[in-house]
Amino acid sequence: MKSRAVEQSNIAGKSFDVCVIGGGATGAGCALDAQLRGLNTVLLEAGDFAGATSSTATKIIHGGVRYLEEAIKDFDPKEYHVVVRALHERVRMLDNAPHLTRKLEFLVPSFHWLDVAYLDIGLKIYDWLAGSARISPSKFVSREETLRRMPQLNREGLLGSVEYSDGQFDDARYNLALVHTFTEAGGRALNHCQVKEFQRDSAGRLSGVVAEDQITGRQFNAASRAIVNATGPVSDLVRQMASPSVNKRMRLSKGSHILFPLDLFPTDDAMLIPKTEAGSVLFAVPWGGRLLVGTTEREVAPGDDLFVTEEEVTYMLRQLNKYLEKPLQPADIVAGFAGARPLVSAGNGESTEKIARDDVIEIDPKSGLISIMGGKWTTHRAMAEDTIDALQKALGIEVSESPTRARVLHGGEGFTSDLWEKLERAYPLSKETAQHLSAKFGTAAWSLVELARANPGLACPLFPGSAQIQAEVVHAVRDELAVTVEDVISRRIGLQYYSWRDAIKAAPVVGSLMAHELQWSSVQEHEAVERYVERINFFLERAGLQREPKPSGRSSAA
Ligand SMILES: Cc1cc2nc3c(=O)[nH]c(=O)nc-3n(C[C@H](O)[C@H](O)[C@H](O)COP(=O)(O)OP(=O)(O)OC[C@H]3O[C@@H](n4cnc5c(N)ncnc54)[C@H](O)[C@@H]3O)c2cc1C
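Residues numbered from 1 in each chain as written. Predicted model: local features only at pLDDT ≥ 70, side-chain atom pairs only at ≥ 80, totals over all residues. Heavy atoms only, no water.

## A word on the pattern of salt bridges
Next, step 1: All chains considered together, the criterion is met by 42 salt bridges.
Next, step 2: The shortest N-O distance in the salt bridge between Glu541 and Arg547 comes to 3.4 Å.
Next, step 3: Of the residues examined, Arg547 reaches a relative accessible area of 35% and is grouped as partly exposed.
Next, step 4: Through salt bridges with shared partners, a single ionic network connects Asp48, Arg173, Glu480, Glu486, Asp487, Arg491 and Arg492. (Salt bridge = Lys/Arg side-chain N within 4 Å of Asp/Glu carboxyl O. Buried < 20%, exposed > 50% of the residue type's maximum accessible area, 1.4 Å probe, protein only.)

Written out as structure tokens, the structure is:
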């Protein structure tokens, strides 16, 4: 990717075929599909790429076992279709970014034979619906084998478990890989750039956008033949900006997650708790060396600040601890995050748990705005394909085939699982750093090695013992449009999802490296670090945990 200044000058005052508003999974997917079909496309994101819902997923690539249960209960062919489509997209997501995804076995611990029978039948249907896209067949796993794979599981009354397969992915990095692939294909992308208004032609149809750079405050226009609204939770605001009289369609469901050190519940497999007190499911998933536990479900309004609350911590621990030999404590929590699922409602007032994770494409007849709403991460590519098909029809041009079905994303080209060993052999990195770079960047990790070769100080960890190195910060600013401390520590390098306290430890070095790259004054650097540390302390407090003292001393950036 180019620098922000270059990207902005390539967008301001220019004309495009397609302008996509929103740089989450849906918008980045749409922008990539459009650009690869030969449409000159610009992607504008108000915050950071993946800065909203798209970095707060449970990180499961799935058809949705829970939605299948609803489909069976409701006898609803539309809900079956949602599951089947996602099951097929699951394989494409795995194949298109091998460095950011993996297959994962899920165990559903069972304490009654009736539950075993119920689950076994349901999961056989899941296998059958997947057809040729099946990963591996579901089966019953004996008590001994279940305990071997999850030694900390509650033994009392355990009969065994039912096993099925889905996928797992790194949502923030997947989102960035979509944006990177898009810009490599010639698309223009800018984050921290909010669309404030539309421009219209004499007939009142949208002909462009007025956008504002949130960092510099600069406003600029960009003309576009078609405009896609992919703004997830705030889709209604953008729809009403185009046509104030349209009815609202979105319902938002907040979901929270908490993370624990994996050695408190050591396992290579994920656990699905099939029924919580609230009647939904809870996952406990090994992810990036942590145990990721979630999620909750509560309706919220657009614009609500999203953080994990102490009440949600208590609730999730109460559900989880029934399944554990040794209960986990709030003080064991190392990180957490919350997001809002953008769901499209039929308008009949049903609870958000009951709304199918289907997506809807709407073309506003008056303004021409194309809105893509709802769906889930797993189906982002198919949603984008359908949106760009609809867009080509609306523009009166021939609908071309989507090139994204088998398009390997940035960092996935030539990736093999032994990449980290090659990195380790090529440059003196610790095993943890080599594995981390391979998992986050795939073959793009070679550019980080190049940075370290040019300036060996950049191979230093962000703080003593961290797998993350200083070169990642430089790379994030120069090549991934990172412009705030949080852009780097959360979505580019993933440390904020690994440990809130480590994120605070890393902040001064990250701030210092960013200040050098972005020519911040020492006041700007100090404020950027303070702001970030305060934000993480806010998360800690809201989750009922102790604040972390501000890191003292000077940073030791290379
Ligand atoms: C708790 C939780 C768990 C989930 N787990 C899973 C899972 O395991 N698997 C799965 O498949 N799916 C999962 N999902 C669903 C999935 O995360 C979402 O469906 C998906 O991320 C939505 O992406 P999006 O791009 O539509 O929305 P977002 O990621 O929210 O992106 C919309 C973007 O639009 C931008 N924007 C808004 N207004 C403007 C403007 N005026 N100008 C420019 N930009 C603007 C916002 O800043 C935002 O970044 C989960 C969701 C939640 C909340």
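## Let's talk about the packing of aromatic side chains
Next, step 1: Within the structure shown, the criterion is met by twelve aromatic pairs.
Next, step 2: Considering the side-chain rings of Phe106 and Phe283, the 5.9 Å spacing of their centres and the 80° angle between planes classify their relative orientation as edge-to-face. In this pair, Phe106 sits in strand E4 (residues 101-110) while Phe283 sits in strand E13 (residues 282-287), placing the two residues 177 residues apart along the sequence. Assigned by exposure class, Phe106 and Phe283 land together as buried.
Next, step 3: Ring geometry for Phe538 against Phe539: centres 6.1 Å apart, planes inclined by 55°, an arrangement best described as tilted.
Next, step 4: Directly above the aromatic system of Phe307 lies the positively charged group of Lys254, at a separation of 5.6 Å from the ring centroid. (Phe/Tyr/Trp six-rings, centres within 6.5 Å; stacked < 30°, edge-to-face > 60°. Helix = DSSP H or I, 4+ residues; strand = E, 2+ residues; numbered from the N terminus. Lys NZ or Arg CZ within 6 Å of the ring centre and 35° of its normal.)

## With respect to the side chain of His192
Next, step 1: Mapping His192 onto the fold places it in the loop between strand E7 (188-190) and strand E8 (193-200).
Next, step 2: Judged by relative accessible area, His192 falls into the buried class, the value being 9%.
Next, step 3: When residues no more than four places from it in sequence are discounted, the contact partners of His192 are Arg4, Glu45, Ala46, Gly47, Asp48, Glu212, Asp213, Gln214, Ile215, Val483, Thr484 and Asp487. (Contact = heavy atoms within 4.5 Å.)

## Focus: the pairing of strand E12 (residues 270-273)
Next, step 1: With burial as the criterion, each face of E12 is covered, one bearing Ala270 and Leu272 and the other bearing Met271 and Ile273.
Next, step 2: For E4 and E12, the ladder comprises two bridges, and the chain directions are parallel. Bridge pairing in E12 places Phe106 opposite Ala270.
Next, step 3: Of the pairings in the sheet, the one linking E12 to E13 comprises three bridges and is antiparallel in character. By the bridge assignment, Ile273 is partnered in E13 with Leu282. (Pairing = 2+ DSSP bridges.)

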